[in-house]
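Take a look at the letters that make up each chain.
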Protein chains: 2
Amino acid sequence: MQKRVSLKDIAKKAGVSIATVSYVLSKQKNSGVSEEVSDKIRKIAKELNYRPNQIAKSLQSGKSHTIGLIVADISNPFFAQIARIVEDEAKKNGYTVIFGSSDEKASKSGDLIKFLLNRQVDGFIIAPSEASENQLQQLKEQKVPFVLIDRYFPEIETNFVAIDNQKAAFEAVSRLKANGKERIGMIAYDTKLHHMKERVKGYRDALTSEKYQDQLLQEVEFSKIKEDVPKAIDKLLSGEYPVDAIFFATNTLGVTGLKYFNEQNINVPDDIAVIVFDESEAFDFFYCPLTFVQQPLSDLAKKAVNVLAEQINKPTDKVSKIYLNTKLVIKKSCS
Amino acid sequence: MQKRVSLKDIAKKAGVSIATVSYVLSKQKNSGVSEEVSDKIRKIAKELNYRPNQIAKSLQSGKSHTIGLIVADISNPFFAQIARIVEDEAKKNGYTVIFGSSDEKASKSGDLIKFLLNRQVDGFIIAPSEASENQLQQLKEQKVPFVLIDRYFPEIETNFVAIDNQKAAFEAVSRLKANGKERIGMIAYDTKLHHMKERVKGYRDALTSEKYQDQLLQEVEFSKIKEDVPKAIDKLLSGEYPVDAIFFATNTLGVTGLKYFNEQNINVPDDIAVIVFDESEAFDFFYCPLTFVQQPLSDLAKKAVNVLAEQINKPTDKVSKIYLNTKLVIKKSCS
DNA sequence: GTTTAAAATTTAAACGTTTAAATCTATATA
DNA sequence: TATATAGATTTAAACGTTTAAATTTTAAAC
């Protein structure tokens, strides 16, 4: 990599001090320097194709103008979409984004946080993984600005941008009931993460019959949904009282479940009604249009960036807890 | 953000010079410093939870250990998957990834490159957009290490990791012919990008009848595929000799096309046979299993990182032009 | 008890910026 | 003409590291 031109080079060529060059090039308004000199400096800077060294600026200012985005998996369309919006919104605010995938593992997210902190990121947007409370607590102690997205821990006072998972789930399941479904199963992740627990809560709230509830909720592990979802479905469909509807707690679970339905020639909605939390491009091709809970991804991500930017610029102890509205998009699959 | 602890703080506490601390903490082997002192320093460093300031290191070393990844759109699963693998492979090599989306616009990619160069990235992995040759040429002149991925410009000598698009397309279309298809249309992007031209070339090579070829190839614009793909399909299916097969040049085009088929109740493969370049989760739900050209995404991304890392560590003028193999995954849609 | 060499530690400069403070240069004022 | 004042420019320190070179300390050799 060729040596880049610095203020020093310009100063030498212009026959002035580095400081003068800096004043000319870094101040918008002509602060002090004479027209003559500043014109000359700007001309030379252009000639030499000067590009300020952000690293040096960062060292000097203590700000890197970089934010760290930590999600479960950047290749998951849900997070990829968030990433894209974060990218655009961050750029508008003058920030660069460094991302990292935690694979839902606290150890990975911990490493990631340390790594990015070394890189002097100014703040974080995090979709936290299970058992990462202590990491967030530490960030708080070190007064590192951060905003949670998609998930949050109710017992920790932090900024977050999320949805009302319980309400959204309640609405969805209520819809199934309204459509006459009597035994509604749910497939969720086996995690303590609050957003998932809320979805389960909303589901439970909507159920009136208390019976069999334990068997109706199937929880699968993040790392082995390929095996666990089919098993869960089998369980829900077997026995004396097979379910007549399934509520999938995420798009990934939904996709996996629907694939299994296809393999087994289980028809939606004739054999079973379905509602999925979140959407997926894949659903567009499912033979039966799917009812799903739509999250305001774009607003979620934008808000997160804005809250973070504010927090970086004027840190306060007041936290922003933002809930955005979801929408239940009703199609044939739940009837 | 709380002030972080620096070498200075440790030095003060330990009663030694900053240099000594640096020697202890930055050298793996005990270079010179006595056991006693170095133990003490390490202990204090741990106590204070010292984390080296990468920014300062970067300024000093001229290396940021950061690479810039520029793709068309991070929210496109094709690129999101690449991003994920790049992330993992980069981490293995000690690099952080900053990403940016160009939206297939040269202007955006140009801005992005400048922006990231200011951030002192050590190198780039780029899926270049149309008319961005001059940007790459400039990078070459400035001796900035970079590797192209997915696309490349044959007239510019650069590192790249790609596939043989012509061959892959040829194979795909040949398959359609072998299955008795006689009028095979293609829907491609209207771009000068070489990879797309190669796909078209491969398609043309496979066609034997020379007639009507101009009408058989439909090119649509990146920015308005939603409108253009349906139009293109209408054209291909109307007239005296409607096509009996369509070859989609990318997964995005395929997804859009198949949606339109559904709207119009056009059946695959009865009404029309289909092959798509690239895969998509969505295809799993299409009623008819789709034949597609499978790219070795993971290897592509890994290779790109490795070539780049090598280029950064020992720059040479020799370029690596790497082609990886594709696989035609044959399903019912092309019969 | 010197001398000398080796080992341990420190000094100082550098990376490319910013910016307060100091200095220098005009010009206006008396 | 001397002086104050504003304007223009430079000096120097700082951000947190690294590292060559200089210095100091320790220990060995005589």
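Located above this text is the structure these notes cover.
Residues numbered from 1 in each chain as written. Chains lettered and ligands numbered in written order. Predicted model: local features only at pLDDT ≥ 70, side-chain atom pairs only at ≥ 80, totals over all residues. Heavy atoms only, no water.

A. Representation of the interface of chain A and chain B in the model. Taken together, the contact pairs 59 residues of chain A with 59 residues of chain B. At the boundary of chain A with chain B, total buried surface from both sides reaches about 5,300 Å², with 59% on carbon and sulfur atoms. Note that Arg84 of chain B and Asp73 of chain A form a salt bridge whose closest N and O atoms lie 3.0 Å from each other. Run the count over chain A and chain B and you get 24 residue pairs in polar contact (both at pLDDT 80 or more). At the level of elements, helix H4 (54-61), helix H5 (77-92), strand E2 (96-101), helix H6 (106-118) and helix H12 (251-263) of chain A are the ones that each hand at least two residues to the side of chain A that touches chain B. Sort the elements by how many residues they give to the side of chain A that touches chain B and H6 of chain A lands first, with 7 residues. Here the side of chain A that touches chain B is built from residues that sort into 26 nonpolar, 17 polar and 16 charged. (Contact = heavy atoms within 4.5 Å. Buried area = accessible area lost by both parts, 1.4 Å probe. Salt bridge = Lys/Arg side-chain N within 4 Å of Asp/Glu carboxyl O. Polar contact = N/O pair within 3.5 Å; in protein donor to acceptor, adjacent residues only side chain to side chain. Helix = DSSP H or I, 4+ residues; strand = E, 2+ residues; numbered from the N terminus. Nonpolar A, V, L, I, M, F, W, Y, C, P; charged D, E, K, R; others polar.)

B. Representation of the protein's contact with DNA strand C in the model. In the neighbourhood of DNA strand C, 27 residues make up the surrounding shell, with Leu7 and Ser22 of chain A together with Ser17, Thr20 and Val37 of chain B lying closest. Residue Ser22 of chain A places a side-chain N or O atom 2.5 Å away from a phosphate oxygen belonging to DNA strand C. Here a base oxygen of DNA strand C sits 3.4 Å away from a polar atom, N or O, in the main chain of Gln60 of chain B. Sorting the residues of the surface near DNA strand C by element identifies helix H1 (7-14), helix H2 (18-26) and H4 of chain A together with helix H2 (18-26) and helix H4 (54-61) of chain B as the ones contributing at least two each. Considering each element in turn, the surface near DNA strand C owes the most residues, 5 residues, to H2 of chain A. Here the surface near DNA strand C is composed, by residue class, of 13 nonpolar, 10 polar and 4 charged. (Near = heavy atom within 4 Å.)

C. Inspection of the sheet that holds strand E7 (residues 217-220) of chain A at higher detail. Residue and element names in this part refer to chain A. Read from one edge to the other, the open sheet built from 6 strands follows the order E7-E6-E8-E9-E10-E12, with strand pairing classed as mixed. Only two strands of the sheet have a single partner each, and these edge strands are E7 and strand E12 (327-329). The sheet shows a mean angle of 15° between the axes of neighbouring strands, direction not considered. Direction of pairing for strand E6 (residues 184-189) relative to strand E8 (residues 245-248): parallel, over a ladder of 4 bridges. (Pairing = 2+ DSSP bridges. Axes fitted to C-alpha atoms, helices over the stretch in contact; angles between N-to-C directions.)

D. Representation of the layout of surface pockets within the structure. Taken as a whole, the second largest pocket encloses approximately 1,100 Å³ of empty space. Contributing to the lining of the second largest pocket are 37 residues, with Tyr50, Arg51, Pro52, Asn53 and Ala56 of chain A lying nearest its centre. Residue assignment for the lining of the second largest pocket shows that the elements contributing at least two residues are H1, H2, helix H3 (35-47) and H4 of chain A together with H4 of chain B. No other element matches the 6 residues that H4 of chain A contributes to the lining of the second largest pocket. (1 Å grid on protein atoms, 1.4 Å probe; cavity = no way out; pocket = protein on both sides within 12 Å on 5 of 7 lines; lining within 4 Å. Points joined across faces, edges and corners; volume = space filled by probe spheres on them.)

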